[in-house]
Amino acid sequence: MRTYRRVAWAKYARHRNMYNARRPLHAYAAGFAMPALLIRLMPFLGHPMPKGPLLRNEALAGLTVGLMMIPQSVAYAQLAGMPPVTGIYASILPALVAVLFSSSQRLSVGPTALSALLIGASLTGMAQPGSAEWIQLAVWLALLSGLMQVVLGWAHFGWLLNVVNAPVLMAFTQAAAVLIIASQLPPMLGFSGDWWAMWQAPAVDWTAAGFGVATLALLMGVRRWKPGFPTVLVIVLASAAISRWIGFEGHGGKVVGPLPSGLPGLHVPGWPGWDTLGKLVMPVLVITLVSFLETASSAKVDSERKGERWDQDQDLIGQGLAKLASGFSGAFATSSSFSRSALNLYAGAQTGWATIFSTVVVLMALLFFTPVLRPVPHSVLAAIVVAAVVGLLKPREFSRLWRISRVEAVIALLTFAVTLAAAPALYWGVLTGVLMSLSLFLYQHLHPRIIEIGLHPDGSLRDRHLWHLPPLAPHTLALRMDAALDFSTASAFEKRVLAELSAAPDTRHLFLFAQPINRMDASGVEAFEHLLDDLGERGLALHLVGVKLPAYRMLEAAGALNHPALVLHRTDADALQAIASLPAEHPPSCWGDHI
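Residues numbered from 1 in each chain as written. Predicted model: local features only at pLDDT ≥ 70, side-chain atom pairs only at ≥ 80, totals over all residues. Heavy atoms only, no water.

1. Some details on the packing of helix α9 (residues 166-188) against helix α19 (residues 396-404)
The line we're drawing: Think of each axis as a best-fit line through the C-alpha atoms, taken over the contacting stretch in the case of a helix, with angles from 0 to 180 degrees between the N-to-C directions. We count a stretch as a helix when DSSP gives it H or I for four or more residues in a row; a strand needs E for two or more, and each element gets its number in order from the N terminus. For this classification, under 35 degrees means roughly parallel, over 145 means roughly antiparallel, 65 to 115 means roughly perpendicular, and everything else is oblique. Crossing chirality is assigned from the near helix's rotation relative to the far helix, an anticlockwise turn below a right angle marking it left-handed and a clockwise turn marking it right-handed. Here a residue-residue contact requires only that any non-hydrogen atoms of the pair lie within 4.5 Å. In this classification, the charged set is Asp, Glu, Lys and Arg, the nonpolar set is Ala, Val, Leu, Ile, Met, Phe, Trp, Tyr, Cys and Pro, and all remaining amino acids, among them Gly, are polar.
The N-to-C vectors of α9 and α19 enclose an angle of 160°; their axes lie 11 Å apart at closest approach. Judged by the inter-axis angle, α9 sits roughly antiparallel to α19. α19 is crossed by α9, and the crossing has left-handed handedness. On the side of α9, the interface is formed by P167, M170, A171 and Q174, while α19 contributes E397, F398 and L401. For the contact of α9 with α19, the class distribution of residues is 5 nonpolar, 1 polar and 1 charged.

Listed below in structure tokens is the structure:
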């Protein structure tokens, strides 16, 4: 009996612990009656309270990501032209703010290679990298970009970011990867200057080159062997030890140098002037757009795995607040890292507590272990950046896109070329891709697909000319427009119908299969009424088949459904039955509505 009670109590205790581990924080604070609006504004109230196995699992995932974030943040800070310690600053408070106010809790927010490149490229020519003026401009970029994301999310304008389609983003990302690798290869190979200096007066530090090449080889090799292993941290610690042992800094080698320890203070940037702010407008727009697209790529994967709908507006707010926190910490604009987020999921993270644990790891490093990073060679950091972005190079994507859509492939190639040619003004690449994509979108909507249909042997209605099908009936014209009937398609619709009628002057009945027409506006209704009047004057009947409710209501409000030349059919089957019973030479006026 006692054994049974012990077993029963153990089962109850396990069930209670699992239940409590999944109870949201607001359940402990105010019962289960917390308003849904408050939870939406502060998503962290819905985070589960970790206990037992969940707590250990989140701590392990956070430790894994935190160990990777420390050296990456320092390397990305240098890529952005910022002091190395600002990369660590950008990995603490911004990550906490993002996980508290974003709907996607398992994303790793902090410095990323693409955002760092955009910052460094945008400020080139405006200040000296690493100077106080450069830091101030980078802070303004973070603040303005964060404010814009918060406003867009609060106003539910997240859909505006969809103006960048997948081909343009793919091409821009690959071009940015090429530029990042090109900028990091000289320091990784031990050269003291850029590519021009390499060709003019090559001066190689062979020790630095050895550090860089060995780091890259180890990172690429261990990545395939064991993705979750903290290779970056181990290599950084080993390179620091070797550098200190051989006296690399004393022999003139470039190293990270001393890093200030302690928490970052509140940083309020000075007013840069309207002229300077005007120069930051385009970089702010591009950073806002590209950084959130980075977030979207990770957030969609996270939402799919959880089986939830992605709340892009709430993530906009969270990412924007993270940028504001980074700016007021004296750091630069942050984003969601796809590689670190993937590592977070790979390590078994289930909630946002993993990010909180990773932030604690970075904080401990800032407070107690910054002296360890001082002797790390610059070439090691450059190799870390190269290893992180080399996976973005996917040339096969262009050939795959060419097979899918040659027009979009050309747009992607031009975006890639303009991004490379316009460097460091990278926003011209995004702007070129967006304008060409919108032009293609507009062209496709101004030229809708309108086909004459016939009855296929399998019973479906298909393009009559493509499949070499006979007309549905003598003196009958059957058309289908695969688009909405609005201001962009109204003119093309009228022209095509009148052209078809002119080519077939013996037509007595025009059947318009309207299932694809899911929307009409005032221009579309006006074009439809003009067509009805024209057909009525010719003594023809217009048979409207399968009209959808939104279009039906627009026509009903305009009074077009009472026109004597209009005949309605609910379904394709009704229309085909009516066609089969068409009199050979009966006037259209005797037709009644088939509703």
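So that's the structure; there's more coming.
2. Observations concerning the side chain of T507
So the rule is basically this: Each residue is placed in one exposure class: buried if its accessible area under a 1.4 Å probe, protein chains only, is under 20% of its type's maximum, exposed if it is over 50%, and partly exposed if it falls in between. Identification of polar contacts relies on pairs of N or O atoms within 3.5 Å, with a donor-acceptor requirement for protein atoms, meaning one able to donate a hydrogen and the other able to accept it, and with residues adjacent in sequence counted only if both atoms are side-chain atoms.
Considering the arrangement of structural elements, one finds T507 in the loop between α22 (490-503) and β6 (509-513). We classify T507 as buried; its relative accessible area is 5%. Only 2.8 Å separates the side chain of T507 from the backbone oxygen of A504, close enough to count as a polar contact. Discounting residues that sit within four places of it in the chain, T507 has contacts with H475, L477, L501 and L540.

3. Quick notes on the nonpolar core
Selection criterion: Joining through side-chain atoms within 4.5 Å is the link that ties buried Ala, Val, Leu, Ile, Met, Phe, Trp, Tyr and Cys residues into a set, and such a set is a nonpolar core.
Residues I119, L123, L280, L373, V376 and I384 are the most contacted members of the largest nonpolar core, which totals 97 residues. Excluding anything up to four places from it in sequence, L280 contacts L123, M126, L137, W140 and L141. Counting 28 residues, the second-largest nonpolar core is a separate cluster that includes M481, L535, L544 and A551.

4. What to know about helix α13 (residues 274-306)
Put simply, the rule reads: Take the residue count of a helix, subtract one, and multiply by 1.5 Å to get its expected span.
When the terminal C-alpha atoms of α13 are compared, their 45 Å separation across 33 residues agrees well with the 48 Å that a helix rising 1.5 Å per residue should span. Of the residues one or two after α13, G307 is the one with positive phi, at around 70°.

5. Some remarks on the packing of helix α7 (residues 113-123) against helix α8 (residues 132-154)
Between α7 and α8, the least distance of the axes is 11 Å, while the angle of their chain directions is 125°. It follows from the interaxial angle that α7 and α8 lie oblique. Once α7 is placed against α8, the crossing between them reads as right-handed. When α7 is examined against α8, the residues I119, G120, S122 and L123 are found in contact with a partner set consisting of W134, L137, A138 and L141. Here the residues of the contact of α7 with α8 sort into 6 nonpolar, 2 polar and no charged.

6. Here's the deal with the pattern of salt bridges
So the rule is basically this: Definition used for salt bridges: Asp or Glu carboxyl oxygen within 4 Å of a side-chain nitrogen of Lys or Arg.
In total, this model carries 9 salt bridges according to the counting rule given. As a salt-bridge pair, R374 and E249 come within 3.6 Å of each other at their nearest N and O atoms. Of this pair, R374 sits in the loop between α17 (370-373) and α18 (378-389) while E249 sits in the loop between α12 (231-246) and α13, placing them 125 residues apart in sequence. Looking at R374, the relative accessible area reads 37%, which means it is partly exposed. Taking the shortest distance from any N to any O, the salt bridge between D534 and R538 comes out at 2.9 Å.

7. Let's talk about the layout of surface pockets
Convention followed: The way it works is a 1 Å grid over only the protein atoms, where trapped points that fit a 1.4 Å probe form a cavity and open points with protein on both sides within 12 Å along at least five of seven lines form a pocket, and then any residue with an atom within 4 Å of a point lines it. Grid points are joined across faces, edges and corners, and a volume is the space filled by probe spheres set on the points.
The computed volume of the second largest pocket comes to approximately 1,100 Å³. Lining the second largest pocket are 40 residues; nearest its centre among them are Q78, L79, S183, Q184 and P187. Elements supplying a minimum of two residues to the lining of the second largest pocket: α4 (53-79), α7, α9 and α18. The element that contributes the greatest number of residues to the lining of the second largest pocket is α9, accounting for 6 residues.

8. Here's the deal with the sheet that holds strand β3 (residues 450-455)
Operational definition: At least two DSSP bridges between two strands are required for those strands to pair.
Pairing in this open sheet of 6 strands is mixed, and the strands run β4-β3-β5-β6-β7-β8 from one edge to the other. Looking at strand neighbours, the two that pair on one side only are β4 (461-463) and β8 (566-569), the edges of this open sheet. For this sheet, the mean inter-axis angle between neighbouring strands, taken without regard to orientation, is 35°. Bridge analysis of strand β7 (residues 541-545) against β8 gives 4 bridges, and the strand direction is parallel. Along β8, the bridge assignment pairs H543 with V567. Its contacts with the sheet put helix α25 (residues 572-580) on β3, β4, β6, β7 and β8, and the angle it makes with β6 is roughly 165°.

9. Digging into α4
Threshold: Throughout, bend refers to the angle between the axes fitted to the seven residues that end at a position and the seven residues that start at it.
For α4, with 27 residues, the first-to-last C-alpha span of 39 Å sits near the 39 Å given by 1.5 Å per residue. Most pronounced at M69, the bend in α4 amounts to some 30°, and the proline P71 follows within four residues. Following α4 by one or two positions, G81 adopts a phi angle in the positive range, close to 80°.

10. Some thoughts on the pairing of β7
Under the convention used in this document: Classification remark: right-handed applies to a crossover when, strands pointing away from the viewer, the course from the first strand over the helix to the second runs clockwise.
Among the 5 residues of β7, 5 are classified as buried, and the element is accordingly described as predominantly covered. The sheet contact formed by β6 and β7 spans 5 bridges and is parallel. Each residue of the ladder has a partner; that of L510, found in β7, is L542. Regarding topology, helix α23 (residues 522-538) serves as the crossover connection from β6 to the parallel β7, and that connection is right-handed. With helix α24 (residues 549-558) bridging β7 and its parallel neighbour β8, the resulting β-α-β unit is right-handed.

11. Regarding unusual backbone geometry
Residue P424 is bonded to the preceding A423 through a cis peptide linkage, with omega at 10°. Even without glycine at this site, H156 takes up a positive phi of about 60°. With respect to the element layout, H156 can be found in the loop between α8 and α9. H156 gets classed as partly exposed once you look at its relative accessible area, which sits at 42%. At H475, a position not held by glycine, the phi torsion is positive, near 60°. Mapped onto the elements of the fold, H475 is located in the loop between β4 and β5 (476-481).

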